[in-house]
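Residue-level structure breakdown
Chain by chain, the residues:
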Amino acid sequence: MRYFLLCIFGASLLHSATVVKVDKMFAKSSKCKSCHLPIVNEWKNSWHSKSHYKNDEYLRKSIDYVSKKSRKSLNGVKIDCATCHNPRVAVTSSGMDYEIDALMGLDKDSKVNKALASDAISEGINCVVCHNIDKIHKKKPESIRGINRIEWTKSGLMSGPYKDAHSPYHKVQYRDFMSKDSNNLCFVCHANDRSIKKLTFINMKKEFAGSKKLCVECHMGKKKLGVASTLKIDHGKAKKRKIRVHSFKGAHFEDMVKDSLALEVKQNKATLMIILKNKLPHNVPSGFGSREVVIDLVYFSKTKILKKESISLTRHYTDRRKRPTIAHLAKKQSKDMSIKAYSQKVLKVKAFKGANMLKVILSYRLVNDEVRDLLKLQDPIWSQKMPISHTTIKLN
Ligand code: HEC
Ligand code: HEC
Ligand code: HEC
Ligand code: HEC
Ligand code: HEC
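Fair warning: this is a prediction, and the values are worked out from it, not measured in the lab. (Residues numbered from 1 in each chain as written. Chains lettered and ligands numbered in written order. Predicted model: local features only at pLDDT ≥ 70, side-chain atom pairs only at ≥ 80, totals over all residues. Heavy atoms only, no water.)

1. Some details on the pattern of salt bridges
Pairs may arise between side chains of opposite charge once their charged atoms sit close together. The criterion, for reference: In what follows, salt bridge is the name for a side-chain nitrogen of Lys or Arg lying within 4 Å of a carboxyl oxygen of Asp or Glu. Labels follow the DSSP assignment, with helices taken as runs of H or I lasting at least four residues and strands as runs of E lasting at least two, numbered in each case from the N terminus.
With the rule as written, the count across this model stands at 21 salt bridges. A salt bridge links Glu217 to Arg244, with the shortest nitrogen-to-oxygen separation between them at 3.6 Å. In this pair, Glu217 sits in helix 11 (residues 215–219) while Arg244 sits in the loop between strand 8 (240–243) and helix 12 (254–257), placing the two residues 27 residues apart along the sequence. One salt-bridge network, held together by shared partners, links Glu142, Arg145, Arg149 and Lys205.

2. Some remarks on the coordination of the iron atom of ligand 5
Keep this limit in mind: Metal coordination here is assigned from N, O and S atoms located within 2.8 Å of the ion, or within 3.2 Å for Na, K and Ca; omission of water means that sites may look incomplete.
Just one protein atom coordinates the iron atom of ligand 5, and that atom is His85 (NE2), at 2.1 Å. Mapping His85 onto the fold places it in helix 5 (residues 74–85).

3. Focus: unusual backbone geometry
For clarity, the cut-off: Buried residues are those whose accessible area, probed at 1.4 Å on protein chains only, stays under 20% of the maximum for their type, while exposed residues exceed 50% and partly exposed ones sit between those limits.
Omega for the peptide link from Val284 to Pro285 comes to -10°, which places this bond in the cis form. Along the chain, Pro285 falls in the loop between strand 10 (271–278) and strand 11 (292–301). In this model, Lys322 sits at a positive phi of 65°, which is unusual for a non-glycine residue. We note that Tyr342 has phi near 45°; this positive angle belongs to a residue other than glycine. Here Tyr342 shows up in the loop between strand 15 (332–333) and strand 16 (344–350). Exposure remark for Tyr342: the relative accessible area of 48% places this residue in the partly exposed category.

4. Comments concerning the site of ligand 3
Inclusion rule: Proximity criterion: a residue is near a molecule or strand once any of its heavy atoms comes within 4 Å of it. Polar contact criterion, stated in full: a pair of N or O atoms within 3.5 Å, where within protein one must be able to donate a hydrogen and the other to accept it, and residues adjacent in sequence count only if both atoms are side-chain atoms. Polar here means any residue other than Ala, Val, Leu, Ile, Met, Phe, Trp, Tyr, Cys and Pro, which are nonpolar, and Asp, Glu, Lys and Arg, which are charged; Gly is therefore polar.
In the vicinity of ligand 3 there are 22 residues, among which His48, Cys186, Cys189, His190 and His252 approach most closely. Contact between ligand 3 and His190: a nitrogen atom at 2.8 Å from a side-chain N or O atom of the residue. The contact in question runs from an oxygen atom of ligand 3 to an N or O atom on the side chain of His252, over 2.6 Å. Residue assignment for the shell around ligand 3 shows that the elements contributing at least two residues are helix 5, helix 9 (182–187) and helix 11. The greatest single-element share of the shell around ligand 3, amounting to three residues, is contributed by helix 11. Looking at side-chain class alone, the shell around ligand 3 contains twelve nonpolar, seven polar and three charged residues.

5. A look at a nonpolar patch on the surface
What counts is decided by this rule: Like-charged residues are merged into a patch within 9 Å and nonpolar side chains (Val, Leu, Ile, Met, Phe, Trp, Tyr) within 5 Å, provided each residue has over 30% relative accessible area and no salt bridge. Only the protein chains shown count as cover for residues, with accessible areas throughout obtained via the Shrake-Rupley method and a probe of 1.4 Å.
On the surface, Met96, Ile100, Leu103, Met104 and Leu106 cluster together into a nonpolar patch covering about 610 Å² of accessible area. Position of Met96 relative to the elements: it lies in helix 6 (residues 95–103).

6. A short note on the coordination of the iron atom of ligand 4
Put simply, the test is: Working rule for geometry: tetrahedral if four donors all subtend angles between 85 and 135 degrees; square planar for four, octahedral for six, if opposite donors exceed 155 degrees and the others stay between 65 and 115; irregular in every other situation.
Looking at the metal site, the iron atom of ligand 4 is ligated by His219 (NE2) and His282 (NE2), spaced 2.0 Å from it. Its six donor atoms give the iron atom of ligand 4 angles of 86 to 178° at the centre, a pattern that matches the octahedral case. Of this pair, His219 sits in helix 11 while His282 is found in the loop between strand 10 and strand 11, placing the two residues 63 residues apart along the sequence. Judged by its relative accessible area of 15%, His282 falls in the buried class.

7. Some remarks on the side chain of Arg244
Operational definition: The criterion used for residue contact is that any of the two residues' heavy atoms lie within 4.5 Å.
For Arg244, a relative accessible area of 17% gives the class buried. In this structure the side chain of Arg244 is engaged in a polar contact, spanning 3.0 Å, whose partner is the backbone oxygen of Gly221. Dropping the residues within four chain positions of it, Arg244 is found in contact with Glu42, Leu214, Val216, Glu217, Met220, Gly221, Lys222 and Lys223.

8. Concerning a positive patch on the surface
Just so we agree on the cut-off: A residue counts as positive if it is Lys or Arg and as negative if it is Asp or Glu; His and the chain ends are not included. To locate a charge, the coordinates of NZ of Lys, CZ of Arg, CG of Asp or CD of Glu are taken.
There is a patch of like positive charges on the surface, built from Arg71, Lys197, Arg320, Arg321, Lys322, Lys331 and Lys332. With respect to the element layout, Lys197 can be found in the loop between strand 5 (193–194) and strand 6 (200–202).

9. Here's the deal with the domain arrangement of the protein
Condition: All the domain ranges listed were derived from an automatic or database domain assignment. Buried area adds together the accessible area that both of two parts lose upon being put together, with accessible area traced by a 1.4 Å probe.
Here the domain parsing of the protein yields domain 1 (19–243) and domain 2 (254–394). Centre-to-centre separation of domain 1 and domain 2, based on C-alpha positions: 31 Å. Each partner contributes to the interface: domain 1 provides 26 residues, whereas domain 2 provides 35 residues. Between domain 1 and domain 2, the buried area comes to about 2,500 Å², and carbon and sulfur atoms account for 66% of it. The largest share of the area that domain 1 buries against domain 2 comes from Tyr58, Tyr65 and Phe201, three residues that together contribute 30% of it. In this assembly, domain 1 and domain 2 are joined by zero salt bridges. Scanning the region where domain 1 abuts domain 2 turns up nine residue pairs in polar contact (both at pLDDT 80 or more). Those elements giving two or more residues to the side of domain 1 that touches domain 2 turn out to be helix 4 (57–70), strand 5, strand 6, helix 10 (204–208) and helix 11. For the side of domain 1 that touches domain 2, the class distribution of residues is eleven nonpolar, six polar and nine charged.

Next up, the structure:
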């Protein structure tokens, strides 16, 4: 028994993250503004900046729900999720001792509570998350992600895409994962998200296999001429550089969602074929579990609406008692209904008798009905249908 315990302990040490304290000069994005203002503003608009209990309703209510249902302390769950959501947290695992203290109300002055209350992590995935990564471990098991897969630079040393940069404010170093291999950076967190029952409900790295595309081509845009820093370091002017935009726009933005699927509808006698083509190198929907693609069918006879029908492409999760739950608590998940990377899906439906026209509206929703209900999400962004495409065909 003792040997067994030692083994577990040893293994967890092997994969646990080393914390490096970030100096006040670098901890918040406001410190970068005087020389990188456009980048700071772009990033502020992204969901990387909202990745904190306070700033994302969906994340907050999911954390509350996991804590309630798993009977783990709220802060214990926050620490688990911080692995990817708040990587600069000063304590990276809470442990049984903390759970007992929390249960007895003795956790007020604990390291865990202090670490979680720190203003330094309030910005979620900020500049000193990505730009303070020194090394990404390639050989660790695939399930080891976020802070447990990387090593930090010393505070004040920024990893970046240039081999010849100099800054009066901080040290710099070039890293492949900031330029030609930047997918490795994204995969630190965008892969292998697992439930407490070790069910992998999302793995972008796997979906992406085979594609040579860079995530940043779409999520930070093509490289354009601009300035990396507004500081006048080049003969009295800011230095011209090839740069990208720090927008990290994804499924929360209508203009992105529009680009995801092509829609075509064909009729073959009484059968309608709805053809969805995924133009992207990852699945749609993808990312976090419980996202949804919705297909609304509206049948007309001349201008009169005869019938409305809705098809949902999403995933459902169940706990050990087979009750509906959220991805993080799931023991089992329903069939994957997403449209695979660079593939097409054909849905067949029976045409409604008597109709002479059909309108098909394709849209995207961030959270399906089931999980919105379970978590009681309020903000309209979670239920809103974002348009992807629509088409109308005459029926015969
Ligand atoms: C999610 C990771 C991530 C975060 C967060 C992030 N960056 Fe970057 N940054 C990158 C990547 C990747 C590149 C390189 C893109 C390329 O050239 O292919 C980059 C490039 C840069 C560059 C070089 C010029 C350019 O725009 O290409 C600067 C300067 C920079 N980042 C500063 C910042 C600052 C300041 C913040 C915080 C407001 C920040 N970054 C947040 C990933 C990140
Ligand atoms: C006093 C001005 C100043 C401040 C403040 C500043 N930087 Fe910079 N930074 C620069 C200059 C100058 C460069 C080099 C630009 C170039 O060579 O085109 C640079 C380059 C970078 C690069 C690219 C490095 C490379 O080798 O590719 C990153 C990343 C970066 N800064 C991040 C940050 C972050 C994060 C902060 C805030 C914590 C910050 N900087 C604050 C002036 C500043
Ligand atoms: C430290 C972990 C981490 C790294 C590294 C990281 N991300 Fe993220 N990313 C996240 C988390 C967590 C979220 C969700 C935040 C939220 O919504 O609260 C997110 C959100 C996003 C979104 C928004 C998705 C949506 O649904 O709108 C995009 C796009 C994205 N990341 C792209 C990237 C790209 C591209 C890279 C690599 C350059 C990258 N990320 C690197 C953790 C990370
Ligand atoms: C060819 C352009 C393209 C490339 C390359 C690309 N994406 Fe996307 N991605 C999109 C578009 C468009 C969306 C919005 C539609 C959607 O959500 O499916 C999106 C959505 C996302 C989302 C939100 C997904 C969801 O359904 O919640 C995440 C997270 C994301 N991308 C991460 C990545 C990562 C990580 C990579 C690299 C491994 C990557 N993307 C490569 C275009 C791209
Ligand atoms: C392995 C890294 C990782 C861990 C650990 C992790 N997440 Fe995430 N999470 C992500 C990434 C990456 C995204 C962005 C995917 C997307 O937006 O489609 C995300 C997105 C989310 C979202 C969607 C947010 C939004 O605005 O739409 C929720 C909710 C969420 N995570 C909850 C949690 C909870 C609760 C935990 C802890 C029990 C947790 N996550 C742990 C990587 C992780």
